[in-house]
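# Observations on the three-dimensional arrangement
Chain by chain, the residues run as shown.
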Amino acid sequence: MQKWIFCILFIEVEIVSSRVKYVKKDVETLARLIKSEALGEGNTGMLLVANTGVNRIVYKCRPFKNITSVQKMVYQKGNFAGVNTRLFNAPVNTKIKNS
C-alpha cells in the first residue's frame, strides 16, 4: 500500500509542478483524488485522472472556465465520483508523502 501512495504522489507532483500553481494542500488533495478515482487502474489510470484534473484547470472551456485551482477542480459539484468517499477521505501516508 505504501508503494502505491508514493506512485500517486510522484505522478501528481510531476504534472502539477509544470502546468499549475499549487500549495502543499493541493498535493495531498490531488493525491486523494487520484487514489479514490483510479484505485486498481495502475500507473496509466492514475496518470489519466491527474491529467484530466490538470486540463480542467489549464484550459478555459465552458464547463471549467471558473476552475482556477486544484481545490476548485476537485470539489466542483458533480466533477469526480470519488470525492468525499471513504477512500478519498482516508489519510495519505505522510511518511511517504514527505520522502
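Refer to the structure presented above.
Everything in this summary refers to the structure shown in the same document. (Residues numbered from 1 in each chain as written. Predicted model: local features only at pLDDT ≥ 70, side-chain atom pairs only at ≥ 80, totals over all residues. Heavy atoms only, no water.)

### Here we look at helix H2 (residues 24-38)
Our working rule: Helix and strand assignments follow DSSP, with helices taken as H or I runs no shorter than four residues and strands as E runs no shorter than two, numbered in order from the N terminus. Take the residue count of a helix, subtract one, and multiply by 1.5 Å to get its expected span. Each residue gets one of three labels from its accessible area relative to the maximum for its type: buried under 20%, exposed over 50%, partly exposed in between, using a 1.4 Å probe on protein chains only.
Between its terminal C-alpha atoms H2 stretches 21 Å, which fits the 21 Å expected from 15 residues at 1.5 Å a residue. Burial analysis of H2 places 11 of its 15 residues in the buried class, the great majority of the element. Within H2, burial applies to Asp26, Val27, Thr29, Leu30, Ala31, Arg32, Leu33, Ile34, Lys35, Ser36 and Ala38. Positive backbone phi, at 85°, marks Gly40, one or two positions downstream of H2.

### Overview of the side chain of Gln71
For clarity, the cut-off: Any two residues whose heavy atoms approach within 4.5 Å at even a single point are treated as in contact.
Looking at where Gln71 falls in the secondary structure, it is placed in helix H4 (residues 70-75). Apart from residues lying up to four places away in sequence, Gln71 is in contact with Lys25, Asp26 and Thr29.

### Details of the environment of Val54
Locating Val54 in the fold gives a position in helix H3 (residues 42-58). Residue classification places Val54 among the buried positions, given a relative accessible area of 2%. In this structure the C-alpha to C-alpha distance between Val54 and Ile67, which are 13 residues apart in sequence, comes to 9.9 Å.

### Topic: unusual backbone geometry
Positive phi outside glycine occurs at Asn84, with the angle close to 65°. On the basis of relative accessible area, Asn84 is assigned to the exposed category, the value being 54%.

### Observations concerning the nonpolar core
Here is the rule we go by: Among the buried residues, those of types Ala, Val, Leu, Ile, Met, Phe, Trp, Tyr and Cys that are joined through side-chain atoms within 4.5 Å form a nonpolar core.
The biggest cluster of nonpolar side chains holds 18 residues, and the ones touching the most others in it are Leu33, Val70, Met73 and Val74. Broken down by element, the residue count for this core peaks at 5 residues, all from H3. Apart from the residues within four sequence positions on either side, Met73 is in contact with Leu30, Leu33, Gly53, Arg56, Ile57, Ile67, Asn79 and Phe80.

### What to know about the pattern of salt bridges
As a reminder of what qualifies: Counted as salt bridges are all cases of a side-chain nitrogen of Lys or Arg within 4 Å of a carboxyl oxygen of Asp or Glu.
For the structure on display, the rule yields 1 salt bridge. The salt bridge partner of Arg32 is Glu28, with a shortest N-O separation of 2.5 Å. Taken together, the residues Arg32 and Glu28, both in helix H2 and 4 residues apart, mark about one turn of the helix. Judged by its relative accessible area of 15%, Arg32 is buried.

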